[in-house]
Amino acid sequence: MIRIECQPILTAAEMRAAENAVIATGVSVETLMDRAGTAIAEAVRRLAGTNEVLILCGPGNNGGDGYVAARVLAEMGVPVRVAALSEPKTDAAKSARAGWLGPIETLAEAKHAPILVDALFGSGLTRPLDAITTPTPNRSPADAGAQDRPLGERLEFSWAPASARERSVVECLHSLGNAALLSIAVDLPSGLATDSGQALSTPPVFDLTLALGAVKPAHLLQPAARYCGQIRLLDIGVPTVSQAEVLKTPSLPTPGPDSHKYTRGMVAIIAGTMSGAADLAALAAMRAGAGYVTLLGDSQGPPHALVRTPFSDQALANDRIGALVIGPGLGRDDTARARLEAALNAGHPLIIDGDALRLLDPDHIKALKVPVILTPHAGEFDALFGKSDTDKITRARDAATRANAVVVFKGADTVIAAPDGRVRIAQGASDWLSTAGTGDVLSGAIGAMLAAKLDPLDSACAGVWLHGDAARRLGPAFIADDLAEALRSARASL
Ligand SMILES: NC(=O)C1=CN([C@@H]2O[C@H](COP(=O)(O)OP(=O)(O)OC[C@H]3O[C@@H](n4cnc5c(N)ncnc54)[C@H](OP(=O)(O)O)[C@@H]3O)[C@@H](O)[C@H]2O)[C@@H](O)CC1
Ligand SMILES: Nc1ncnc2c1ncn2[C@@H]1O[C@H](COP(=O)(O)OP(=O)(O)O)[C@@H](O)[C@H]1O
Ligand SMILES: [K+]
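How each quantity is defined
Residues numbered from 1 in each chain as written. Chains lettered and ligands numbered in written order. Predicted model: local features only at pLDDT ≥ 70, side-chain atom pairs only at ≥ 80, totals over all residues. Heavy atoms only, no water. Near = heavy atom within 4 Å. Polar contact = N/O pair within 3.5 Å; in protein donor to acceptor, adjacent residues only side chain to side chain. Areas by Shrake-Rupley, 256 points an atom, 1.4 Å probe, with all protein chains shown as cover. Helix = DSSP H or I, 4+ residues; strand = E, 2+ residues; numbered from the N terminus. Nonpolar A, V, L, I, M, F, W, Y, C, P; charged D, E, K, R; others polar. Donors = N, O, S within 2.8 Å, 3.2 Å for Na, K, Ca; no water. Buried < 20%, exposed > 50% of the residue type's maximum accessible area, 1.4 Å probe, protein only. Contact = heavy atoms within 4.5 Å. Salt bridge = Lys/Arg side-chain N within 4 Å of Asp/Glu carboxyl O. Pairing = 2+ DSSP bridges. Axes fitted to C-alpha atoms, helices over the stretch in contact; angles between N-to-C directions. Domains from an automatic or database assignment. Buried area = accessible area lost by both parts, 1.4 Å probe. Phe/Tyr/Trp six-rings, centres within 6.5 Å; stacked < 30°, edge-to-face > 60°. Lys NZ or Arg CZ within 6 Å of the ring centre and 35° of its normal. Core = buried A, V, L, I, M, F, W, Y, C linked by side-chain atoms within 4.5 Å.

*Asks:* Looking at this structure, I do not really get the site of ligand 1. What am I missing?
*Replies:* Near ligand 1 you find 22 residues, and of these Glu19, Asn61, Asp65, Gly122 and Asp187 are the closest. Between ligand 1 and Gly122 there is a distance of 2.5 Å, counted from an oxygen atom to a backbone nitrogen or oxygen. Considered on its own, ligand 1 offers 930 Å² of accessible surface; in the complex 81% of this is hidden by protein. Contributions of two or more residues to the shell around ligand 1 are made by α2 (29-48) and α3 (61-75). When grouped by side-chain class, the residues that make up the shell around ligand 1 number ten nonpolar, seven polar and five charged.

*Asks:* Teacher, can you tell me more about the coordination of the potassium ion (ligand 3) here?
*Replies:* In ideal tetrahedral geometry, four donors around a metal make angles of 109.5 degrees, whereas ideal octahedral geometry with six donors gives angles of 90 or 180 degrees. Taken together, Asn62 (OD1), Asp118 (O), Phe121 (O), Val186 (O) and Leu188 (O) make up the full set of protein donors to the potassium ion (ligand 3), lying 2.5 to 3.0 Å away. The sequence pattern describing where the donors of the potassium ion (ligand 3) fall on their chain is N-x55-D-x2-F-x64-V-x1-L. One end of the pair, Asn62, is in helix α3; the other, Phe121, is in the loop between β4 (115-119) and β5 (136-137), and 59 residues separate them in sequence. A single burial state applies to Asn62 and to Phe121, both of which are buried.

*Asks:* Would you explain the side chain of Asp279 in this entry?
*Replies:* Relative to the elements of secondary structure, Asp279 occurs in helix α8 (residues 275-287). A polar contact is formed between the side chain of Asp279 and the side chain of Ser299, at a distance of 2.9 Å. If sequence neighbours within four positions are ignored, Asp279 has contacts with Leu295, Ser299, Gln300, Leu306 and Arg308.

*Asks:* Quick question: what am I supposed to make of the site of ligand 2 here?
*Replies:* Around ligand 2, the structure places 17 residues, and the nearest of them are Lys410, Gly411, Ser430, Gly437 and Gly439. Interatomic distance of 2.6 Å between a backbone N/O atom of Gly439 and an oxygen atom of ligand 2. The fraction of the free accessible surface of ligand 2 (570 Å²) that becomes covered by protein chains is 78%. When residues of the shell around ligand 2 are assigned to their parent elements, the largest contribution, four residues, is made by helix α15 (residues 438-451). Taken together, the residues of the shell around ligand 2 break down into five nonpolar, nine polar and three charged.

*Asks:* Mind showing me how you'd approach the pattern of salt bridges here?
*Replies:* Any two side chains of opposite charge can pair, so long as their charged atoms come close to each other. In total, this model carries 16 salt bridges according to the counting rule given. As a salt-bridge pair, Lys392 and Asp413 come within 2.7 Å of each other at their nearest N and O atoms. Remark: Asp413 occurs in the loop between β17 (406-409) and β18 (415-417) and Lys392 occurs in helix α14 (residues 392-403); sequence separation between them is 21 residues. Of the two residues, Lys392 and Asp413, both sit in the buried class. One salt bridge in this structure joins Arg422 and Asp420, with 2.9 Å as the shortest N-O distance. We classify Arg422 as partly exposed; its relative accessible area is 27%.

*Asks:* Would you mind going over the side chain of His219 with me for this structure?
*Replies:* Within the secondary structure, His219 sits in the loop between β8 (208-212) and β9 (230-234). At 2.6 Å, the side chain of His219 and the backbone oxygen of Asp187 are in polar contact. In this structure the side chain of His219 is engaged in a polar contact, spanning 2.9 Å, whose partner is the backbone nitrogen of Lys216.

*Asks:* Quick question: what am I supposed to make of the sheet that holds strand β11 (residues 266-270) here?
*Replies:* The mixed open sheet is built from ten strands, whose spatial order is β10-β19-β18-β17-β16-β15-β14-β11-β12-β13. Edge positions in the open sheet fall to β10 (244-246) and β13 (307-309), since each of these has one partner strand only. Strand after strand, the sheet turns through a mean of 20° between neighbouring axes, direction not considered. Across five bridges, β11 lies against strand β14 (residues 321-326) in parallel orientation. Bridge pairing in β14 links Met266 to Ile321. Across the sheet, helix α10 (residues 334-345) lies against β11, β12 (292-296), β14 and β15 (350-352), angled at about 155° from β14, the strand it touches most.

*Asks:* Where do I start with the domain arrangement of the protein in this structure?
*Replies:* Where interface size is quoted, it is often the accessible area lost as the parts come together. Segmentation of the protein into domains returns domain 1 (12-242) and domain 2 (261-492). When each unit is reduced to the centre of its C-alpha atoms, the spacing between domain 1 and domain 2 is 43 Å. Of the residues lining the interface, six residues belong to domain 1; the matching set on domain 2 comes to nine residues. In terms of surface lost to domain 2, no three residues of domain 1 exceed Leu220, Leu221 and Gln222, which account for 77% of the buried area on that side. Seen at the junction of domain 1 and domain 2, the total is zero salt bridges. At the surface where domain 1 touches domain 2, the tally comes to one residue pair in polar contact (both at pLDDT 80 or more).

*Asks:* Sorry if this is basic, but what is going on with the packing of aromatic side chains here?
*Replies:* Where two aromatic rings form a pair, the distance of their centres and the angle of their planes describe that pair. With the rule as written, the count across this model stands at three aromatic pairs. On the numbers, 5.3 Å between centres and 20° between planes, the contact of Tyr262 with Tyr292 is stacked. Linking Tyr262 in helix α7 (residues 261-264) with Tyr292 in strand β12, this pair joins segments that are 30 residues apart in sequence. The rings of Phe381, Phe385 and Phe409 are connected pair by pair, giving a single aromatic cluster. One residue, Arg320, lies across the ring of Tyr262, its end atom 3.9 Å from the ring centre. Looking at Lys392, its charged tip hangs above the ring of Phe409, at a distance of 4.5 Å from the centre.

*Asks:* In this structure, what is going on with the nonpolar core? I would like to understand it.
*Replies:* Taken as a class, soluble globular proteins show a tendency for nonpolar side chains to be buried jointly. In this structure, Ile326, Leu350, Ile352, Ile365, Val372 and Leu374 are the most contacted members of the largest nonpolar core, which totals 58 residues. There are two domains that each give this core at least three residues, and those are domain 1 (12-242) and domain 2 (261-492). Dropping the residues within four chain positions of it, Leu350 is found in contact with Leu324, Ile326, Ala343, Leu344, Leu368, Val370, Pro371, Val372, Ile373 and Leu450.

*Asks:* Could you clarify how one ought to interpret the pairing of strand β2 (residues 80-84) in this entry?
*Replies:* Each regular strand displays side chains that alternate between the two surfaces of the sheet. Buried residues dominate β2, accounting for five of its five residues. Here β2 shows two buried faces, one formed by Val80, Val82 and Ala84 and the other by Arg81 and Ala83. Here strand β1 (residues 53-57) runs beside β2; their pairing, made up of five bridges, is parallel. Residue pairing for β2: Leu56 is matched across the bridge by Ala83. As paired strands, β2 and strand β3 (residues 104-106) are joined by three bridges and run parallel to one another. Across the sheet, the residue bridging to Ala83 is Glu105, located in β3.

The following block contains the structure:
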């Protein structure tokens, strides 16, 4: 089981292409399925202990993985039962099923087990599960004493129409999931759309998802990600590359004997009508490691290390400024517009956030001659780039190309895109970040990274990582001020 940080993220089609490239070298689908099922079995055995395992198998290759896992677990001496939704459809799944010598229960009538493994649907799901009804076996497992039947004897499905006992797949999944001590999804919790991260149906929340061969968008994008629990990758010997990767722990420069405050990086924050927001960005830039932070505009209070200067074109014309943050608490009045205009003309690398995003259009941003990082939340993104039903990765990537800027598309599933098509997606954000001012903190943290001369994509990634790590350290009910302070602990952990 491999941690997913830094791993390539593949769409369903990209994963199929990667698998096909391996198959073209002479490796059969059955061999890949065998590797997948064996890896699942090994992972499940480590977690299951002596507990009984119930594996739910669907009609496709996800179900095939389940049958292989069941066979291997049984060979390992782990108590395991199989319940199926229907007969397998693919050749590989049929051959995997043939290798399972135990009984097969129907999904609707399967009794729960302490360990639930969902191998109903993976990356092939294209429509909701709700409409599915389960076939009725000609004998129920209970009638036939399925649990006691020797290996080798199996129940045959009859494809009879709905019976009184028939239940929807979603309902079965939820009740078996609720009753389990530990629930594990094979590749994806059944019901999720692999590429968009939409929930075609609502699965239960799993404890663990075992991604096969590669991380998929649905492991990271909302709403799908909330159903996955912990995510671990299983290697099935399929080489994968992608321009999209899971956000990694950054490697940041630390001060040395030759460092001074300006070599550490100077960040300027432009204040506006709500100076608290600019104060938060400034504090965040300092705690993220900037050597010098100046706040241009009106604000008061600590920290004393923050250099407050009235806003002026002259103050802006400081060559030492390595990153200029504009937008947090800027307002949208004439003063805000004038300050934004001055900032765009100052020639410093820019982080554009909050109100400033509402005063610009993509063409204007594209015309800028300096590195630019945009940090919109969903509302700001829609206002700037237009609404769309396309998936968040594509939207972020298209926006980055259109504005020729790094785009940090915020949310519980922050997607960071560069104009060259590279994408990084954050995992495991704390939901407690949903509090006022945390976006201001992010812009300041990214400012510190850009001023430290990281390239724009790396700056955005490092800022998002520090922000996410700081939030996780704080636990519940923190406020943005706490988050800015905690950036220091996040940096110290590197
Ligand atoms: N390819 C490989 O080499 C390897 C792949 N691997 C594994 O394969 C998984 C992908 O397999 P997959 O493509 O067969 O898709 P899967 O997720 O099992 O489901 C599709 C099946 O379900 C059906 N179906 C869809 N929606 C439905 C619905 N609502 N209600 C009812 N049926 C519905 C659909 O039918 P159809 O839409 O064609 O009518 C089709 O039969 C992947 O996640 C990984 O676990 C590994 O073994 C490694 C090697
Ligand atoms: N439910 C959530 N789970 C995880 N992160 C979230 C959630 N909601 C918001 N965030 C993060 O919190 C920050 C909020 O930023 P933003 O919406 O700009 O707030 P503000 O303008 O109040 O500072 C972003 O970094 C975003 O990614
Ligand atoms: K599954």
